[in-house]
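Survey of secondary and tertiary structure
Residues per chain, in single letters:
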Amino acid sequence: MSSLRGRKITLREFRFYVLAAFLLIAIGCETTGIHQKSYEKVNTKKINNLAILYPVHLPEMSVSLRADEQFLTTLMTGPAIIPQIMLRLVFMSEKEEDTMAFNEMIFDLNIGETFCERLNTKLQLCSNFNVVPQEGITKNKVVWQLLEKDEKELEDYRKIAAELGIGTVLEIKVLSYGIKDPGIFSGPYSLLKIGVKMTRASNGMVLWEDVVEAKSEIDMGTVDFVENVYGDINLLKEELEKIMDIVTEECLGRLGIDTHNTYLLDKDYRERKKIKIDIARKLNELNNLRYDELITDRDYKKKKRELIERAKGREVSYQEDIKLTPVKKESKKVIRKEIKTKSGLPPLPRRD
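Note that the structure is a prediction, hence the values are computed from the model and not measured.

Turning to the overall build of the chain, a few remarks are in order. If you tally the helices and strands in the chain, you get twelve helices and six strands. Evaluated residue by residue, the chain yields a buried proportion of 37% over its 352 residues. For the chain, restricting intrachain contacts to residue pairs at least 6 apart in sequence, the fraction spanning at least 24 positions comes to 72%.

Encoded structure:
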């Protein structure tokens, strides 16, 4: 009987562990609802005008920076169940406080909008796409209303295309971002996870759909980082900007676009140059002129090449090839003027 009773208890425990594991997986797994589709480089030839739509709704920045101290506290508490449960509640409360504090510090940073602006600049710098300026998207009321729709229909894409004068739409959705410290054996890092979807506006065909994520290590310990962040919020913004740059370059890489010119956007590179050109600002100014039809697409591309060469430290001017009409060569003829006398008769021959 004792053996049978022990077997029943084992089965119950097994069922309990299976149910607990299932619940943890169901709660812990994040469903993005994104069907991945790789980008085919053949589509690049068919893409001319492109608009990048950023998300209106953003997730809260996640913060988890107390793993080190929580690990040591958990070991000191021992295997007692009730103290461990109380500790978990305390840890959850601390995490919520950190999350609220960090989110309040970066209230003025819209990571979705900033990410799209950086992606826009890099597409201008490295691709042949004519990208709509982000200012043009926010100014358009029709497009602004359609941004709030998560799942857009074919009619929505056609309206956006008609309003912005484009053929392709690239939608960005921020799935998660934040700062984490996994534990004693590794340092803190920033993370960003986005969903991308590129759609042809005329027929609603999805050209590219994917999830892009990355991590960026922070070059200091967790305690130093937290103390410095509370002293200077720009440190936190710089770390988020670093991870945005990594993800934007990953997006260009998956589109098959060479990112060899993106080093021109680096602040350290500009500081080393005698002629300091903020190429991101200049490119966006040029793009606004092109979109407002103050300059032609041809002039924009020519000025963009000149700007890139100047940023590289090369003084090169691109002149348009002027076709000159060929001049016909005529045989030189000596024309002698006839000298007439008062009588109107030709003069007598001279004797020299």
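Here the focus is the state of the cysteines. Tallied over the full model, the rule gives zero disulfides. In this structure Cys116 is not part of a disulfide, and its nearest cysteine sulfur, from Cys251, lies 9.5 Å away. A residue is classified by how much of its surface remains accessible, and Cys116, at 0% relative accessible area, is buried. Under the relative-accessibility criterion, Cys251 is labelled buried at 2%.

What follows deals with the pairing of strand E4 (residues 168-180). The buried fraction of E4 is high, at eleven of 13 residues. Here strand E1 (residues 49-53) runs beside E4; their pairing, made up of four bridges, is parallel. For Leu50, the partnering residue across the bridge sits in E4 and is Thr168. As paired elements, strand E2 (residues 62-64) and E4 share three bridges and run parallel to each other. Within E4, the residue paired with Ser62 across the bridge is Gly178. Sheet analysis places E4 next to strand E5 (residues 189-200), joined by twelve bridges and oriented antiparallel. Looking at E5, one finds that Tyr177 is bridged to Leu192.

A pair of packed helices can be characterised by two numbers: the angle between their axes and the separation between those axes. Close contact between helix H4 (residues 111-126) and helix H9 (residues 234-254) brings their axes to 10 Å; oriented N to C, the two are set at 45°. Considered as vectors, H4 and H9 are oriented oblique to each other. Of the two elements, H4 crosses H9, and the hand of that crossing is right-handed. Between H4 and H9, the residues in contact are Ile111, Thr114, Phe115, Arg118, Leu119, Lys122, Leu123 and Cys126 and Glu241, Met244, Asp245, Val247, Thr248, Glu249, Cys251 and Leu252, respectively. Residues that form the contact of H4 with H9 fall into these classes: nine nonpolar, two polar and five charged.

With that settled, the discussion passes to helix H7 (residues 154-164). Listing the buried residues of H7 in full gives Asp156, Tyr157, Ile160, Ala161 and Leu164. Down the axis of H7, the smallest arc covering the buried residues is 135°, so these residues share one side. Each element contacted by the buried residues of H7 is listed here: E1, helix H5 (134-139), helix H6 (141-147), E4, E5 and helix H11 (279-291). Downstream of H7 by one or two residues, Gly165 has phi in the positive range, about 70°.

There is a patch of nonpolar side chains on the surface, built from Ile81, Ile82, Ile85, Met86, Leu89 and Met92 and spanning about 670 Å² of accessible area. Along the polypeptide, Leu89 turns up in helix H3 (residues 81-105).

Attention shifts here to the pattern of salt bridges. Considering all chains together, one arrives at 13 salt bridges under this definition. Note that Glu241 is salt-bridged to Arg118, the shortest N-O span being 3.7 Å. With a gap of 123 residues between them, Glu241 in helix H9 and Arg118 in helix H4 connect regions that are remote in the sequence. Of the residues examined, Arg118 reaches a relative accessible area of 25% and is grouped as partly exposed. Here Lys149 makes a salt bridge to Asp156, at a shortest N to O gap of 2.8 Å. Exposure remark for Asp156: the relative accessible area of 6% places this residue in the buried category.

Rules used throughout
Residues numbered from 1 in each chain as written. Predicted model: local features only at pLDDT ≥ 70, side-chain atom pairs only at ≥ 80, totals over all residues. Heavy atoms only, no water. Helix = DSSP H or I, 4+ residues; strand = E, 2+ residues; numbered from the N terminus. Buried < 20%, exposed > 50% of the residue type's maximum accessible area, 1.4 Å probe, protein only. Contact = heavy atoms within 4.5 Å. Disulfide = S-S within 2.5 Å. Pairing = 2+ DSSP bridges. Axes fitted to C-alpha atoms, helices over the stretch in contact; angles between N-to-C directions. Parallel < 35°, antiparallel > 145°, perpendicular 65-115°, else oblique. Left-handed = near helix turned anticlockwise from the far one by under 90°. Nonpolar A, V, L, I, M, F, W, Y, C, P; charged D, E, K, R; others polar. Arc of directions from axis to C-beta. Patch = residues over 30% accessible without salt bridge, like charges linked within 9 Å, V, L, I, M, F, W, Y side chains within 5 Å. Areas by Shrake-Rupley, 256 points an atom, 1.4 Å probe, with all protein chains shown as cover. Salt bridge = Lys/Arg side-chain N within 4 Å of Asp/Glu carboxyl O.

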